[in-house]
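# Structural characterization, general
If you want the building blocks of each chain, they are given just below.
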Amino acid sequence: MTNLAKLLLSLIVAVPALFVLTSHSGMANSQKANAAAPQVATLAGGCFWCTESDLEQLDGVVDVVSGYAGGTLEKPTYRQVASGQTEHIEVIQVTFDADVVSYEQVLDHFFRHIDPTDDKGSFVDRGAQYRPAVFYHNDEQKAVAQSFMAEIDALGVYKKPLATELIEFTTFWPAEDYHQDYYKNSSLKYKYYRYNSGRDQYLDDIFGDDRKDKPVTLREMIDSANQPAAKVYVRPADKDIKEH
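Definitions and cut-offs
Residues numbered from 1 in each chain as written. Predicted model: local features only at pLDDT ≥ 70, side-chain atom pairs only at ≥ 80, totals over all residues. Heavy atoms only, no water. Helix = DSSP H or I, 4+ residues; strand = E, 2+ residues; numbered from the N terminus. Contact = heavy atoms within 4.5 Å. Areas by Shrake-Rupley, 256 points an atom, 1.4 Å probe, with all protein chains shown as cover. Buried < 20%, exposed > 50% of the residue type's maximum accessible area, 1.4 Å probe, protein only. Pairing = 2+ DSSP bridges. Right-handed = clockwise from strand over helix to strand, strands pointing away. Phe/Tyr/Trp six-rings, centres within 6.5 Å; stacked < 30°, edge-to-face > 60°. Core = buried A, V, L, I, M, F, W, Y, C linked by side-chain atoms within 4.5 Å. Axes fitted to C-alpha atoms, helices over the stretch in contact; angles between N-to-C directions. Parallel < 35°, antiparallel > 145°, perpendicular 65-115°, else oblique. Left-handed = near helix turned anticlockwise from the far one by under 90°. Nonpolar A, V, L, I, M, F, W, Y, C, P; charged D, E, K, R; others polar. Arc of directions from axis to C-beta. Salt bridge = Lys/Arg side-chain N within 4 Å of Asp/Glu carboxyl O. Polar contact = N/O pair within 3.5 Å; in protein donor to acceptor, adjacent residues only side chain to side chain.

This part is about the overall build of the chain. For the chain, the count of helices and strands is 10 helices and 8 strands. Taking the contacts inside the chain whose residues are at least 6 apart along the sequence as the reference set, 77% of them involve residues at least 24 apart. For the chain, the exposed surface amounts to about 14900 Å²; the carbon and sulfur share of it is 55%.

Now the structure itself:
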């Protein structure tokens, strides 16, 4: 066999293998591209120690960071925000796996752990810097939040109208390191604060003191309330039965 023939034969053998390898690589890249990337929700429900601890209990949540949003001052400190001298609100930024939990489900869990009816603060923490808010990151989040909040309002579970603001997200500033995972790193101080804040007592009154052991989502409540009323069977008179 000549050298030219050997070269042609090697090319014939190599090209299909190269095609298969390229195809598999393309399929792998396509599968990676189709996998849902982690998404972010920015939420304000009063003390971020509490909201951080509550949202980290939700399946599908990857990370929760306490911080500040809604103001124009760059790199605000806790002292500045807590004093009410900036336009910032205490918030948490929630990174979640959209393949496991939806944005509405994140909101559902969030609303079941705050007082969304108080626009003057949150429990013992008073001032606009502690008011409830949902910072939407895109039009889809805005639409989901608007619709879901309207359904919650119509449900009337909180006994007062919702006063939660819907605000376009701009910038998030992480809080100081000692605020992160405060409920873990300073558990005794956290438990003392949380109990005396009245948060859990309020939530027990709204959702029942068994809400942790037997959680019922707001979506389940809404769907149940929208079920058509069952027809009550009324037995006809004996003479009507005989006639028919």
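Consecutive side chains of a regular strand alternate in pointing toward one face of the sheet and then the other. Residues Ala133 and Phe135 point to one face of strand 6 (residues 133–136) and Val134 and Tyr136 to the other, with burial holding for every one of them. By the bridge criterion, 3 bridges tie strand 1 (residues 39–44) to strand 6 in an arrangement that is antiparallel. Within strand 6, the residue paired with Thr42 across the bridge is Phe135. This β-α-β element, strand 6 to helix 5 (residues 139–155) to strand 7 (residues 165–168), shows right-handed connectivity.

Bringing the packing of aromatic side chains into the picture now. Scanning the entire structure with this criterion turns up 9 aromatic pairs. Here Phe96 and Tyr103 contribute two aromatic rings whose centre-to-centre distance is 6.5 Å and whose plane-to-plane angle is 25 degrees, an arrangement assigned as stacked. An aromatic cluster of three or more residues is present, and its members are Phe48, Tyr68 and Tyr78.

Moving on to the nonpolar core. Counting residues in each nonpolar core, the largest one holds 42 residues, and the members touching the most others are Leu43, Phe111, Val134 and Tyr158. At 5 residues, the largest contribution of residues to this core is made by helix 4 (residues 103–111). In this view, Leu43 contacts Val91, Ile92, Val94, Val106, Leu107, Phe110, Ala133 and Val134; residues no more than four positions away in its chain are not counted. Grouped together as the second largest cluster of nonpolar side chains are 8 residues, Ala44, Ala133, Phe169 and Phe172 included.

Turning our attention to unusual backbone geometry. Its identity as a non-glycine residue notwithstanding, Phe123 has a phi of 55 degrees, on the positive side. Structurally, the position occupied by Phe123 is in the loop between strand 4 (121–122) and strand 5 (125–126). Given a relative accessible area of 17%, Phe123 falls into the buried group.

Moving on, we come to the packing of helix 2 (residues 48–55) against helix 4. Helix 4 packs onto helix 2 with a crossing angle of 130 degrees between their chain directions and a minimal axis gap of 10 Å. Put simply, helix 2 runs oblique to helix 4. Between helix 2 and helix 4 lies a crossing whose hand is right-handed. Residues Thr51, Asp54 and Leu55 of helix 2 form the contact with helix 4, whose own contacting residues are Val106, His109 and Phe110. Here the contact of helix 2 with helix 4 is built from residues that sort into 3 nonpolar, 2 polar and 1 charged.

Our next topic: the sheet that holds strand 7. By definition, the strands of a sheet pair up through backbone hydrogen bonds, in either a parallel or an antiparallel sense. Spatial strand order, 7-6-1-3-2-8: 6 strands in an open sheet with mixed pairing. Strands at the two margins of the open sheet, each flanked by one partner only, are strand 7 and strand 8 (172–174). Mean inter-strand twist for the sheet, computed between neighbouring axes without regard to direction, equals 35 degrees. Along the sheet face, helix 4 touches strand 1, strand 3 (89–96) and strand 6 and points at about 25 degrees away from the line of strand 1.

Here we take up helix 9 (residues 218–225). Those residues of helix 9 that sit buried are Leu218, Arg219 and Ile222. Buried residues along helix 9 cover an arc of 100 degrees about the axis, so they all sit on one side. Close packing links the buried residues of helix 9 with helix 4, helix 5 and helix 8 (199–207).

Applying the stated rule across the entire model yields 13 salt bridges. A salt bridge links Glu104 to Arg219; the shortest N-O distance between them is 3.1 Å. In this pair, Glu104 is assigned in helix 4 and Arg219 in helix 9, connecting sequence segments 115 residues apart. Across the pair Arg211 and Asp200 runs a salt bridge, and its minimum N-O distance is 2.9 Å. Linking Arg211 in the loop between helix 8 and helix 9 with Asp200 in helix 8, this pair joins segments that are 11 residues apart in sequence. Each member of the pair Arg211 and Asp200 is classed as buried.

Structurally, His179 can be placed in the loop between strand 8 and helix 6 (182–185). Each residue touching His179, except ones within four places of it in the same chain, is listed here: Phe48, Trp49, Glu52, Ser66, Tyr68 and Tyr78. Polar contacts involving the side chain of His179 include one to the side chain of Trp49, which spans 3.0 Å.

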